[in-house]
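Residues per chain, in single letters:
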Amino acid sequence: MTTQAFRHSDHLRADFSQALSDMYRTEVPAYGTLIDIVGRINAEHEGIRSEGERHGAIRLGTASELHLIARVFEIFGLHPVGYYDLSVAGLPVHSTAFRPITDQGFNTSPFRMFTSLLRLDMISAPLRETAELALNTRSILSEEGHRLLDLAENQGGLTDDQGDAFVREAVAIFAWRKRAHVDLATYKLLKSEHPLIADIVSFQGPHMNHLTPRVADIDAAHHMMAAEGMDIKDTIEGPPRRNVPILLRQTAFKALTETVDFQTDIGWESAEHTARFGEIEQRGAALTPKGRALYDQCLASKDFSSFPDDIAALRDQKLAYFNAEGEPVTYEDFLPVSAAGIFKSNLRESEDVESLEATGNQAAFETALGKPVLDMFDLYANAT
Ligand code: OOG
Ligand code: NI
């Protein structure tokens, strides 16, 4: 009997992230400009090598799509961590971050995917049926992809060749398709309810809406993006610049205006759509629940002066996690307020938080997922 050698899920993830990056650069040329800026800034900072993208983001339509994507991502060593309720920011989605959960996993490939699921329950009744019909008649993974997914689960992994083929099918899920899956009248209706609904429901698949490399100095990058004439977000999301970086800071260029084609009885008509953009991020220390509570308080009052900004104070007051060598543990998750700001700036919406009559529904999200999301604080505590 011969034993087959399977490609490690961390390496499959590295392949997946590289293939997504190649695809996105050809789809969104401005993303190439952003990568150049990041490369120039990182080159000036010792110890920061260009190690590929840190994250991407997708938006799914149905519970069964989330369930399927969770199976696909499991093959890439990506596990759902955290629950993000975006309804508090007036967005009809809730989300998780599929990410590696071990140091070795992050070292081999730090790629993760911020994954949102449409809240069909937040759509008005007649339109909800239209949306469900459009979503239920699409199939986001090819037959070959399904076959390889079953094979991976049954045999406990994929060989190099099978892995290459699976990566191709998985990347194809997230490709941009210019031809809409609904007619123009439906698209307009969905968009008038919320542009995010139109972006999720109108297409044949869940196109990736951004990719995000890591930059060594996000303030410098933000200025350079402006100097290069890119249409960027007004402000950097997350905490202000500090001596000891904490959590996550992000900025982005705004979504492109793209043409979408709609089939009619006599030919094609088109409309403009904005969804796809490029983002950069800089990560700092993961905060303990105590640190996070203080952070949220500072964020609400827009005053960070009470948040200690030296390593000793962060450690002594147990505000951040430290590893056995006494170094801060890097924050590997997302921030709901920042995420909401990123979503909105790219839907060309005001960034003011609107109130909406909805609350989170983690139980429904986890039922769709088929398992509970992991607790990020547990993961950080175990990493120390
Ligand atoms: C996801 C926005 C969240 C981030 O970096 O906070 C996100 C989306 O626009 O679909 O990616
Ligand atoms: Ni992002």
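Here, every reference points to the structure presented above.
Predicted model, so just to flag it, every value in this text is computed and none were measured.

## Some details on the packing of aromatic side chains
Counting across every chain of the model gives 16 aromatic pairs. Residues Tyr331 and Tyr380 carry aromatic rings whose centres are separated by 5.9 Å and whose planes lie at 25 degrees to one another, so their mutual orientation is stacked. On the criterion of sequence distance, the pair formed by Tyr331 in the loop between helix 12 (311-316) and helix 13 (336-345) and Tyr380 in helix 15 (residues 376-382) is long-range, its members being 49 residues apart. Seen from the ring of Phe334, Arg283 lies directly overhead, with NZ or CZ sitting 5.4 Å from the centre. Directly above the ring of Phe322 sits Arg315, whose terminal nitrogen or CZ lies 5.5 Å from the centroid.

## Structural notes on the sheet that holds strand 6 (residues 248-253)
Reading across from one edge, 2-3-4-1-5-9-6 is the order of the seven strands in this open sheet, with mixed pairing throughout. What marks the edges here is a single partner per strand, and that holds for strand 2 (79-85) and strand 6. On average, adjacent strands in this sheet sit at an angle of 25 degrees to one another, irrespective of strand direction. Looking at chain direction, strand 1 (residues 55-60) and strand 4 (residues 112-118) are connected through six bridges and run parallel. By the bridge assignment for strand 4, His55 is matched with Arg112.

## Comments concerning the site of ligand 1
The environment of ligand 1 is formed by His55, Ala57, Arg59, Phe114, Asn209, His210, Gln250, Glu279, Phe334, Ala339 and Phe343. At 3.0 Å from an oxygen atom of ligand 1 is found a side-chain nitrogen or oxygen belonging to His55. In this structure, an oxygen atom belonging to ligand 1 sits 2.7 Å away from a side-chain N or O atom of Arg59. Taken by itself ligand 1 offers 320 Å² of open surface, and the protein chains cover 100% of this.

## Brief notes about the pattern of salt bridges
Inspection of every chain in the model, using the stated rule, returns 23 salt bridges. Between Arg276 and Glu27 there is a salt bridge, with its nearest N and O atoms 2.6 Å apart. With Arg276 in the loop between strand 8 (268-274) and strand 9 (277-283) and Glu27 in helix 1 (residues 9-27), this residue pair connects regions lying 249 residues apart in the sequence. Taking relative accessible area as the criterion, Arg276 reaches 0% and is therefore assigned buried. One salt bridge connects Glu153 with Arg71, and the closest N-O pair in it is separated by 2.9 Å. Of this pair, Glu153 sits in helix 6 (residues 143-155) while Arg71 sits in helix 3 (residues 63-75); the two residues are 82 residues apart in sequence, bridging distant segments of the chain. Given the relative accessible area of 39%, Glu153 is considered partly exposed.

## Considering the environment of Leu294
Along the chain, Leu294 falls in helix 11 (residues 289-301). A residue is classified by how much of its surface remains accessible, and Leu294, at 17% relative accessible area, is buried. A sequence separation of 38 residues divides Leu294 from Glu332, and the C-alpha atoms of the two residues are 19 Å apart. Not counting residues within four places of it along the chain, the set of residues in contact with Leu294 comprises Ser306, Phe307, Pro308 and Leu319.

## Regarding the environment of Pro289
Along the chain, Pro289 falls in helix 11. The spacing of Pro289 and Lys318 is 29 residues in sequence and 9.3 Å in space, taken between C-alpha atoms. Pro289 has contacts with Tyr321 and Phe377, leaving out every residue within four places of it along the chain.

## Notes on the packing of helix 3 against helix 6
Two elements in contact, helix 3 and helix 6, have axes whose closest approach is 10 Å; the angle formed by their N-to-C orientations is 60 degrees. Relative to helix 6, the element helix 3 lies oblique. Both helix 3 and helix 6 take part in a crossing whose hand is left-handed. For the pair helix 3 and helix 6, the contacting residues are Leu68, Arg71, Val72 and Ile75 in the first and His146, Leu149, Asp150, Ala152 and Glu153 in the second. Tallied by class, residues from the contact of helix 3 with helix 6 come to five nonpolar, one polar and three charged.

## A few points about helix 10 (residues 218-227)
Of the residues making up helix 10, those classed as buried are Ile218, Asp219, Ala221, His222 and Met225. Looking down the long axis of helix 10, one finds its buried residues gathered within 165 degrees of arc, a one-sided arrangement. Helix 10 presents His223 and Ala227 as exposed residues on the side facing more than 90 degrees away from its buried surface. The inward-facing, buried residues of helix 10 abut helix 2 (29-43), strand 6 and strand 9.

## Focus on the nonpolar core
Residues Phe16, Leu20, Phe73, Phe76, Met113 and Phe174 are the most contacted members of the largest nonpolar core, which totals 61 residues. Sorting elements by how many residues they give to this core places helix 3 first, with seven residues. Leave out the neighbours within four places in its chain, and Phe174 touches Phe16, Leu20, Met23, Ile58, Ile69, Phe73, Met113, Pro206, His207 and Met208. In this structure, Leu135, Ile197, Leu294 and Phe304 belong to the second largest nonpolar core, which totals 58 residues.

## Comments concerning the side chain of Glu258
Topologically, Glu258 is positioned in strand 7 (residues 257-263). Overall, Glu258 belongs to the buried group, its relative accessible area being 11%. Among the polar contacts listed, one links the side chain of Glu258 to the side chain of Arg276, at a separation of 2.8 Å. What Glu258 contacts, discounting residues up to four positions off in sequence, is Trp176, Ala271, Glu272, His273 and Arg276.

Parameters and conventions
Residue indices begin from 1 for each chain and proceed along its sequence in written order. In the order they appear in the text, chains get letters beginning with A and ligands get numbers beginning with 1. Local features are withheld for residues below a pLDDT of 70 in this predicted model, meaning they are given only at 70 or higher, and side-chain atom pairs are given and counted only at 80 or more; totals for whole chains, interfaces and linings count all residues. Each side-chain value is derived from all of the structure's non-hydrogen atoms; neither hydrogens nor water enter the calculation. Aromatic contacts are taken between Phe, Tyr and Trp rings whose centres are within 6.5 Å, Trp giving its six-membered ring; a plane angle under 30 degrees counts as stacked, one over 60 as edge-to-face, and the others as tilted. A run of H or I in DSSP counts as a helix once it spans at least four residues, and a run of E counts as a strand once it spans at least two, with each numbered from the N terminus. Only Lys NZ and Arg CZ are tested; either one counts as a charge over a ring when it is within 6 Å of the ring centre and within 35 degrees of the ring normal. DSSP bridges decide pairing: two strands pair if at least two such bridges lie between them. Every angle, taken between N-to-C directions, lies between 0 and 180 degrees, and every axis is a line fitted to C-alpha atoms, over only the stretch in contact when it is a helix. Here a residue counts as near a molecule or strand whenever at least one of its heavy atoms sits within 4 Å of it. We call two N or O atoms a polar contact when they sit within 3.5 Å, provided that within protein one can donate a hydrogen and the other can accept it, with sequence-adjacent residues counted only if both atoms are side-chain atoms. Computed by Shrake-Rupley with a 1.4 Å probe, the accessible areas treat only the displayed protein chains as cover when residues are assessed. A pairing counts as a salt bridge when a side-chain nitrogen of Lys or Arg comes within 4 Å of a carboxyl oxygen of Asp or Glu. With a 1.4 Å probe rolled over the protein chains alone, any residue whose accessible area is under 20% of its type maximum counts as buried; one over 50% counts as exposed, and the rest are partly exposed. Residues are treated as being in contact if the distance between any of their heavy atoms lies within 4.5 Å. Here is the rule for angles: anything less than 35 degrees is roughly parallel, anything more than 145 is roughly antiparallel, 65 through 115 is roughly perpendicular, and the remaining ranges are oblique. By convention the crossing between two helices is left-handed if the near helix lies anticlockwise of the far one by an angle smaller than a right angle, and right-handed if it lies clockwise. Three residue categories are used. Nonpolar comprises Ala, Val, Leu, Ile, Met, Phe, Trp, Tyr, Cys and Pro, charged comprises Asp, Glu, Lys and Arg, and polar comprises the others, including Gly. By arc we mean the arc of the directions from the helix axis to the C-beta atoms, nothing more. We define a nonpolar core as any set of buried Ala, Val, Leu, Ile, Met, Phe, Trp, Tyr and Cys residues linked to one another through side-chain atoms lying within 4.5 Å.

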